[in-house]
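Summary of the model geometry
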Amino acid sequence: MWSADGGASRVVRAATVDDVEAMLSIYRPIVERTAISFELTAPTAHEFAGRLATVTRRDPWLVCEIGSRVVGYAYASNFRTRPAYAMTRETTIYVEGSAQGQGIGARLLGELLAALAADGIHRAVAGIVPPNPSSIALHERLGFCHVGTFDQVGHKFGRWHDLGFWQRELGAGPV
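About the thresholds
- Residues numbered from 1 in each chain as written.
- Predicted model: local features only at pLDDT ≥ 70, side-chain atom pairs only at ≥ 80, totals over all residues.
- Heavy atoms only, no water.
- Pairing = 2+ DSSP bridges.
- Helix = DSSP H or I, 4+ residues; strand = E, 2+ residues; numbered from the N terminus.
- Axes fitted to C-alpha atoms, helices over the stretch in contact; angles between N-to-C directions.
- 1 Å grid on protein atoms, 1.4 Å probe; cavity = no way out; pocket = protein on both sides within 12 Å on 5 of 7 lines; lining within 4 Å.
- Points joined across faces, edges and corners; volume = space filled by probe spheres on them.
- Nonpolar A, V, L, I, M, F, W, Y, C, P; charged D, E, K, R; others polar.
- Polar contact = N/O pair within 3.5 Å; in protein donor to acceptor, adjacent residues only side chain to side chain.
- Contact = heavy atoms within 4.5 Å.
- Parallel < 35°, antiparallel > 145°, perpendicular 65-115°, else oblique.
- Left-handed = near helix turned anticlockwise from the far one by under 90°.
- Phe/Tyr/Trp six-rings, centres within 6.5 Å; stacked < 30°, edge-to-face > 60°.
- Buried < 20%, exposed > 50% of the residue type's maximum accessible area, 1.4 Å probe, protein only.

1. Section: the sheet that holds strand E6 (residues 145-156)
The strands that make up a sheet are held in pairs by hydrogen bonds between backbone atoms, and each pair lies either parallel or antiparallel. In spatial order, the strands read E1-E2-E3-E4-E5-E7-E6; together these seven strands make up an open sheet with mixed pairing. Since the sheet does not close on itself, it has two edges, and those belong to strand E1 (10-14) and E6, each with one partner. Taken over all neighbouring pairs, the strand axes of this sheet differ in orientation by 25° on average, direction set aside. With six bridges connecting them, strand E5 (residues 123-128) and strand E7 (residues 159-169) associate as antiparallel partners. Directly across from Arg 123, in E7, lies its bridge partner Glu 169.

What follows is the structure, encoded as structure tokens:
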């Protein structure tokens, strides 16, 4: 167990369908109140459970608990569908607002990257909607480098938003 501040124990573990409602309680306000996600409507619990099942057939999906409360999650998914992209994964991470700044994001993303590297994945990518200085700092602290920004590719809340991409090499991957 891990406790950065000597408080309640913090555990990072594989997500299960029992975590869907807790993860949705983190994700729903992000969809409804921010442009961090380009989804316009939050998924239902059934849709979210389907996403979890699809991702975990192939890749890790982790949650962080403080005590018994899920305060963040991270997962990897296909970057693109064509076979040449098979060894690249897109990473996604969300931490509940009240739990930010406590090292939870770094722990989740670090463990996710370690699991991907152990699976032989070559590269991880992350899309970040600016301005999001905390997410950018987290990714760069864990070795991601900015590789470009698509200008005005997402339209939400009546305005256009950019999407920046960061990447990090994980290992050689299979040859």
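2. Remarks on the layout of surface pockets
When its volume is computed, the largest pocket comes out at roughly 1100 Å³. Taken together, 44 residues form the lining of the largest pocket, with Ile 36, Ile 93, Tyr 94, Asn 132 and Ser 135 sitting closest to its centre. Those elements that place two or more of their residues in the lining of the largest pocket are helix H1 (20-33), helix H2 (45-56), strand E3 (69-78), strand E4 (88-95), helix H3 (104-118), E5, helix H4 (133-141) and E7. Tallying contributions element by element places E4 first for the lining of the largest pocket, with six residues. In terms of residue class, the lining of the largest pocket is built from 23 nonpolar, 16 polar and five charged.

3. Some thoughts on the side chain of Asp 59
Inspection of the secondary structure assignment puts Asp 59 in the loop between H2 and strand E2 (61-66). Here Arg 89 takes part through its side chain, which lies 2.7 Å from a polar atom of the side chain of Asp 59. Not counting chain neighbours up to four residues away, the residues in contact with Asp 59 comprise Ala 76, Ser 77, Asn 78, Arg 89 and Leu 116.

4. Some words on the packing of H3 against H4
Close contact between H3 and H4 brings their axes to 10 Å; oriented N to C, the two are set at 45°. Our classification of the angle between H3 and H4 gives oblique. As H3 runs across H4, the sense of the crossing is right-handed. On H4, the residues that touch Gly 105, Ala 106 and Leu 109 of H3 are Leu 138, His 139 and Arg 141. When its residues are assigned to classes, the contact of H3 with H4 shows three nonpolar, two polar and one charged.

5. What to know about the packing of aromatic side chains
Under the defined criterion, the tally for this structure stands at 10 aromatic pairs. Arranged with centres 6.4 Å apart and planes meeting at 5°, the rings of Tyr 73 and Tyr 75 form a pair that is stacked. The burial state of Tyr 73 is the same as that of Tyr 75; both residues are buried. With a centroid separation of 5.8 Å and 85° between ring planes, the pair formed by Phe 150 and Phe 165 is classed as edge-to-face. Placement of the pair is Phe 150 in strand E6 and Phe 165 in strand E7, with a sequence separation of 15 residues. Residue Phe 150 is classed as partly exposed on the basis of its relative accessible area, which comes to 48%. Grouping aromatic residues by their ring pairs yields a cluster made of Tyr 27, Phe 48, Trp 61, Tyr 73, Tyr 75 and Tyr 94.

Note that every value here comes from positions in space, so none of it alone points to a role or purpose.
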